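Listed below are the residues making up each chain.
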Amino acid sequence: MVAIALPRSNGPLARSLSRFLSNGAAVAGLMILLPVLIAVLTYDLWWPYAPNDIDLRALNKGPSATHWFGTDGVGRDVLARLLQGGRISLLVAGVSVAISLVIGFLVGALAAFGGRITDGSTMRLVDLCMTLPPVILLLVLASIAGTGIVPTIFVISLLSWPVLSRMVRARLLELRERDFVVAARGMGANLWHLLFRHGLPNCIDILVVYATLQIANAILLEAGLSFLGLGIPPPEASWGNMLNAARSTVVLEQYVWQWMFPGAALVLAVLAINFIGDGLRDAFDPRSDLN
Amino acid sequence: MLTFILRRLALGLLMLIALSVLVFVLLRLAPGDPIDAYIDPNVSMSRAEMAAIRARLGLDQPMPVQYFAWLGAAATGDLGYSIQRSGVRVLELVFERIGPTLLLMATGLVLSIVLGIATGIIGAVRRNSTTDVGLSVAAFVGISSPAFLTALLGLYFFSVQFRIAPSGGMLTPGAPFSVGDLLAHLILPAALLSIGQAALIMRYMRASMLEVLNQDYVRTARAKGVREFFVIVKHALRNALLPVITLIGSTIGMAIGGAIFIESVFNWPGMGLLMVNAVETRDYPVIMGATLVIGACVILVNLLTDITYAAVDPRIQVA
């Protein structure tokens, strides 16, 4: 009531932003993620060691003033590998999420606009993909695709689109019946116009929230694959294959810095991204002001 | 009710068929010659014999024909031979691993249900207290930390630092079988496996309990003078549990995912370890056989969950 009496209220985007910024957990997530991101992206400018530099005088040395996070079994700096691993993990997660966004949106749009038969068959396919536990499907696909950065991206993006396509479909089905879409159709708008001028802008909240949460998920999937030795193969660093070292009893028991730091980085990044994603979801939901 | 069960059964069967098509297609996409799965590598063979086997197995037939032949064999339990372990039938390998996995997952599930529901109730009853906030944060960390990391941490602290749990395997090698020995090996992996599920159940339980506690009949019960403990346990809990039942069914997939990592860290001789070893050695018949069995189990569990849900909740329209 008060808002109506005011001469001008903030737009929906500004209100979303203020909702996001007043969410403590989301801001905390941002405060954790930003420094991590900056460190990961700029480490070669300020950190003296490269991820694959070998220091034979420092094998399996614990954290010290020169090697902050210690060194591994062949004398490589753990901090440098951790930061490079972060780059790889974020690269794999980012690219695979981008691919699954495209697939998810297109499949969802096809189901919503393509008529009953297309809708039925694509949604059954989605059901089927969601029946198998994701990790099982991940292992099966990884066994076919092999190891390496590109196959890992391929496997993860192939795995993560079904949920999104379902959400997009639900939104577009509702949108299809709205007056402005009916009007656009009546004026002869083609599918392309409907999808990208009307569909996409109205799905943007779903896509942003999904992308954020899915990045966290993709980081975990990549780490899981690499942990089992099926994702990013050494000598390339990733958080998962650094944790893989801990499958050897000696590393697990005696050189804890070699796996606890990457593990902590992984959980910290995933937690921060999840907080941000939850904050974004609440911020985009106009009803959340009512609580 | 009967028509509902029949309809769900039919749907489950359809899903199973679709799953078998998927597995078959993936099996053919996999590198290598499918004939490897059917011959015993210990027996030497000439090219003519290979061609004869190929013809006998129908591998020279078109794909749809091959599919139905494969499906017929799979339905009678013939999933081919392991490439890696020569001459061992896939079905035997899979069957001897089901028991340990079921034991691990069932224990984990019981632990997570008890833990999740109890902490969920506490969180809802003491809403916004320090306990509640602490539990919620713990649940968030539990959901965000991957199973392989919690497994490593659990192994490090309980087996290496405090030395109160064995460091892997299901039984002490060489020792005679005893239930105590099995339990000692079981409790740590099962507890670690339950973390993720417990955290998820807790969040749902808390939310659904909060909703129920605000309803009129709960207020009525309190107004009648029912003691708070009985209001929660007898009146509110029953209704609050309903959505959680569906959730438990849908977390089975997550639990299987977790079990794969836990089994591989703890060397637990279950399906997960079988699957990981098979993927590492590219033993495709075993991978696909295990996938088929796991997928069938998941479909069955979902079916059971749906039926349980319909049986427990009288408000569900059984149509």
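This structure is a prediction, so every number in the text was calculated from the model and none was measured.

1. Comments concerning the overall build of chain A
No. 1: Assigned secondary structure in chain A consists of twelve helices and zero strands.
No. 2: Overall, chain A shows an N-to-C arrangement of helices and strands of α-α-α-α-α-α-α-α-α-α-α-α.
No. 3: Projected onto its principal axes, the C-alpha coordinates of chain A cover approximately 75 × 50 × 30 Å.
No. 4: Out of the 291 residues in chain A, the part that is buried amounts to 48%.
No. 5: In chain A, of all internal contacts separated by at least 6 residues, the share reaching a separation of at least 24 is 69%.
No. 6: By element, 67% of the accessible surface of chain A is carried by carbon and sulfur atoms, the whole surface being about 13900 Å².

2. A closer look at the environment of V209 of chain A
Residue and element names in this part refer to chain A.
No. 1: Within the secondary structure, V209 sits in helix 9 (residues 191-227).
No. 2: Overall, V209 belongs to the buried group, its relative accessible area being 11%.
No. 3: Sequence separation between V209 and P235 is 26 residues, and the spatial gap between their C-alpha atoms is 34 Å.
No. 4: Each residue touching V209, except ones within four places of it in the same chain, is listed here: G277, L280, R281 and F284.

3. Brief notes about the UniProt feature "transmembrane region" (unreviewed entry) in chain A
No. 1: Under the feature "transmembrane region" (unreviewed entry), the UniProt entry names residues 20-43, 88-114, 135-160 and 256-277 of chain A.
No. 2: What you have in residues 20-43 of chain A is 92% helix and 0% strand, and the ends, taken at the C-alpha atoms, are 29 Å apart.

4. Some points on the packing of aromatic side chains
No. 1: Here the structure, examined in full by the defined rule, presents twelve aromatic pairs over all chains.
No. 2: Here the aromatic rings of W192 of chain A and F196 of chain A are separated by 4.5 Å at their centres, their planes lie at 40 degrees, and the arrangement is tilted. Taken together, the residues span about one helical turn, with W192 of chain A and F196 of chain A both in helix 9 at a distance of four residues.
No. 3: According to the relative accessible area criterion, F196 of chain A is partly exposed, its value standing at 29%.
No. 4: Judged by centre distance (6.3 Å) and plane angle (55 degrees), the rings of F227 of chain A and F261 of chain B are tilted. Here F261 of chain B lies in helix 10 (residues 252-266) and F227 of chain A lies in helix 9, a pairing that spans two chains. Neither F227 of chain A nor F261 of chain B differs from the other in exposure class; each is buried.

How each quantity is defined
Residues numbered from 1 in each chain as written. Chains lettered and ligands numbered in written order. Predicted model: local features only at pLDDT ≥ 70, side-chain atom pairs only at ≥ 80, totals over all residues. Heavy atoms only, no water. Helix = DSSP H or I, 4+ residues; strand = E, 2+ residues; numbered from the N terminus. Buried < 20%, exposed > 50% of the residue type's maximum accessible area, 1.4 Å probe, protein only. Contact = heavy atoms within 4.5 Å. Areas by Shrake-Rupley, 256 points an atom, 1.4 Å probe, with all protein chains shown as cover. UniProt positions renumbered as here; feature names shortened; annotations may be inferred. Phe/Tyr/Trp six-rings, centres within 6.5 Å; stacked < 30°, edge-to-face > 60°.

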